[in-house]
Protein chains: 4
Amino acid sequence: MKLSQRKMIRKKQQILFSAIGIVNKKGYAGATMEDIAAELLMTKGSLYYYFKNKSDLMYQCHNFVLSQASEDLERILNGEGSTKEILFKMVATHIDYAIEEKETFNLIMEPKRFFNEEQLKLVLELRKRYEGLFDQIISRGIQERIFSTEEPTIARMIILGAMNWIQQWYKPKGRLSKEELVEIYSDYIIKILK
Amino acid sequence: MKLSQRKMIRKKQQILFSAIGIVNKKGYAGATMEDIAAELLMTKGSLYYYFKNKSDLMYQCHNFVLSQASEDLERILNGEGSTKEILFKMVATHIDYAIEEKETFNLIMEPKRFFNEEQLKLVLELRKRYEGLFDQIISRGIQERIFSTEEPTIARMIILGAMNWIQQWYKPKGRLSKEELVEIYSDYIIKILK
Amino acid sequence: MKLSQRKMIRKKQQILFSAIGIVNKKGYAGATMEDIAAELLMTKGSLYYYFKNKSDLMYQCHNFVLSQASEDLERILNGEGSTKEILFKMVATHIDYAIEEKETFNLIMEPKRFFNEEQLKLVLELRKRYEGLFDQIISRGIQERIFSTEEPTIARMIILGAMNWIQQWYKPKGRLSKEELVEIYSDYIIKILK
Amino acid sequence: MKLSQRKMIRKKQQILFSAIGIVNKKGYAGATMEDIAAELLMTKGSLYYYFKNKSDLMYQCHNFVLSQASEDLERILNGEGSTKEILFKMVATHIDYAIEEKETFNLIMEPKRFFNEEQLKLVLELRKRYEGLFDQIISRGIQERIFSTEEPTIARMIILGAMNWIQQWYKPKGRLSKEELVEIYSDYIIKILK
DNA sequence: GATGAATGAGCTTTCATTCAT
DNA sequence: TATGAATGAAAGCTCATTCAT
């Protein structure tokens, strides 16, 4: 790979990071190309050298965060530890993303409103992959007779919903630290799966 | 109250209903004053006779739906039935609102982005009141020794999160009917509180 | 028809006239919404109250001029006079439009570049109708044995091309007045059709 | 001339050819520097090493094609054959350019819009030279008493206009081949000059 | 010579908001 | 009360042009 290509990629990532930050603050619609460029001391126009249009940039933001989270989970899933321990780690990771990457990670927003058909297809695939990782650990638990749940898919949805909801009320300086939170959530999640 | 005032109120409500419909379809940002007016065969300009600005209208939409939901829950809470039966009814009601009034009811969106300080204060109060109703039934269950949960507030958040999440994946023509869904969710919720 | 509608139509026409003027000076691509609005002491934004977008406005400009020219020709065609006299009048009218309404009337520009499919269909129909009027007078002449031309369609194209070309070199203060020009052109056109 | 200069010239011509191709497809305004560079696997920036700016490049495109056409006509004019035969050949050549080099050759567009004063002067001179070639053959015909036309300049304009117009309707797969077309046109042109 | 990268002016378009009538 | 009309700020996007390397 040529130097220039590497530079290109690095710059793209810089922009992505900047954009992710802005989007997490202002949401997809609220983030303007100007905002994003300004943080990097660039001009609007320059962004278009790296990304086809806003939709493309937004898509890649979501993509990036979600892919990264998926990789993290996969690493955990394929790593050491008992099923329960792995589930704990996955919960911790998910909650972390949900809190720290709020909007970009946001699995809540309606993607149809922001993405075009092609992008949408990939986004939905990515999400499926991500959710599938939770399905895997759940079914592993069922096989090991640790969990016994009749509707594993619904259970997973309940669990994800519960975790995503945290970003609505979580405040860094609240009564509970993130670690305590994860602890408590994990316990409840085990209850759901029992 | 004078006739003209009553007329005013009725008209306001008409607009509110129209707006709620539009917002549920297009989201807060996506709904334009034009859209809302068009559905009532009015003109944009007229809306400003009834509402100070878009923010005000949006606020009142959210307000209206949330208040109504609160009233519904209060009626259930103060009505007949065992604690479990009441919880079931509350769950059914909440899920119904979450599905049918999607965006307007949406407790997900960040209110800071749309509402000004004054509005925000009231919105947050309203939400507190709403959440409080779930807290009440939970604590009633604890007193009756039906539920035993160490972190009732967190439990409530988990429950609400799980329920709100439904709107992300629920499709009217899916495998499960709304009634079956409520049934399953209720069972899981009991598990959480046990 | 209501007063407001009539006002709307009148304003639309005002804008159309202004736009036609600008387009005739700067061409379709060169005319900006700002230019057009400025001439009427309006703002860009206001134009969008009357026309969906620039393409729509441009289309209606071309449409308007071409329709008017067609009507003029039809009136002449259905009016009094010998075939030759009518042809003379038609030539005079066409040349007048070609010179005075240059760009807007322009049958030269490639419409595919400016108009969308739907508009294009109508534009091409309109043009066909316009050209058809010349075909009619030619075939009338052939029936009357005044003209004898083996390829009447090609003859018509030659005639139209010759006339449209005038706008490339005509200058109001040139050696020949518009009237003299028409005279000379008519004679040559007769030669072509003989 | 140094090697580097010759290289320069060759490269310039390559760009010119590429540009001519693009312009013939998209028109003067529609052709972007990017488009032109892309076809040569160059970058936008590089074009500026060879041409001062877009206007300059466009000018040289037009220039090049027109000069070439002029040379072709001059060769014909100074070559063998009767006046009529020469005229036929000139007509064939012109029609060929008009069809194949459409936009670049296009004498239709208003040069004032694209070219600066200096360029304009040269363009107009070039055109004059080109038109003059037709004037020459016409006046030769008049001297030979083959043609008899009172307004030879106007006749020439009519003839050129008629020929340029072909590009508006000509389709390679139409009823008539280019050769048949030339035949028919030549006959009509003789009529005009008689 | 060539390029990658950046710029900035200029364009179209949207939309909440205002206000005379 | 209601509306038609206008406004202006702000957004997304394009592209000729520049320039350090």
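Located above this text is the structure these notes cover.
Residues numbered from 1 in each chain as written. Chains lettered and ligands numbered in written order. Predicted model: local features only at pLDDT ≥ 70, side-chain atom pairs only at ≥ 80, totals over all residues. Heavy atoms only, no water.

**Observations regarding the packing of helix 8 (residues 117–143) of chain B against helix 9 (residues 152–169) of chain B**
Residue and element names in this part refer to chain B. Relative orientation of the contacting elements helix 8 and helix 9 amounts to 125°, with a least axis distance of 10 Å. In terms of orientation, helix 8 and helix 9 fall into the oblique class. Both helix 8 and helix 9 take part in a crossing whose hand is right-handed. Across the interface between the two elements, E131, F134, D135, I138 and I142 from helix 8 touch P152, R156, I159, L160 and M163 from helix 9. (Axes fitted to C-alpha atoms, helices over the stretch in contact; angles between N-to-C directions. Helix = DSSP H or I, 4+ residues; strand = E, 2+ residues; numbered from the N terminus. Parallel < 35°, antiparallel > 145°, perpendicular 65-115°, else oblique. Left-handed = near helix turned anticlockwise from the far one by under 90°. Contact = heavy atoms within 4.5 Å.)

**Considering the packing of aromatic side chains**
According to the stated counting rule, one finds 31 aromatic pairs over all chains in the structure shown. Look at B:Y28 and B:F115: their rings are 6.5 Å apart centre to centre, the planes differ by 85°, and that puts the pair in the edge-to-face class. With B:Y28 in helix 1 (residues 3–30) and B:F115 in the loop between helix 7 (111–114) and helix 8, the pair connects residues that are 87 residues apart, well separated along the chain. When the ring of C:F105 is compared with that of C:Y130, the centres are 5.8 Å apart and the planes differ by 75°; the resulting orientation is edge-to-face. One end of the pair, C:F105, is in helix 6 (residues 102–105); the other, C:Y130, is in helix 7 (residues 117–143), with 25 residues separating them in the sequence. Aromatic ring contacts, followed pair by pair, group A:Y28, A:Y59, A:F114 and A:F115 into a single cluster. Above the ring of D:F51, the side-chain terminus of D:K12 is found at 5.6 Å from the ring centroid. (Phe/Tyr/Trp six-rings, centres within 6.5 Å; stacked < 30°, edge-to-face > 60°. Lys NZ or Arg CZ within 6 Å of the ring centre and 35° of its normal.)

**Let's talk about the interface of chain C and chain D**
Each side of the interface is counted separately: chain C has 35 residues, and chain D has 34 residues. When chain C packs against chain D, the two sides together hide about 3000 Å² of surface, and 59% of this comes from carbon and sulfur. Summed over the three residues of chain C that lose the most area to chain D, namely C:I158, C:W165 and C:Y188, the buried surface amounts to 23% of that side. Taking the shortest distance from any N to any O, the salt bridge between D:R175 and C:E151 comes out at 3.1 Å. For the pair chain C and chain D, the interface holds 15 residue pairs in polar contact (both at pLDDT 80 or more). The element contributing the most residues to the side of chain C that touches chain D is helix 8 (residues 152–169) of chain C, with 11 residues. Of the residues assigned to the side of chain C that touches chain D, the class counts are 17 nonpolar, 7 polar and 11 charged. (Buried area = accessible area lost by both parts, 1.4 Å probe. Salt bridge = Lys/Arg side-chain N within 4 Å of Asp/Glu carboxyl O. Polar contact = N/O pair within 3.5 Å; in protein donor to acceptor, adjacent residues only side chain to side chain. Nonpolar A, V, L, I, M, F, W, Y, C, P; charged D, E, K, R; others polar.)

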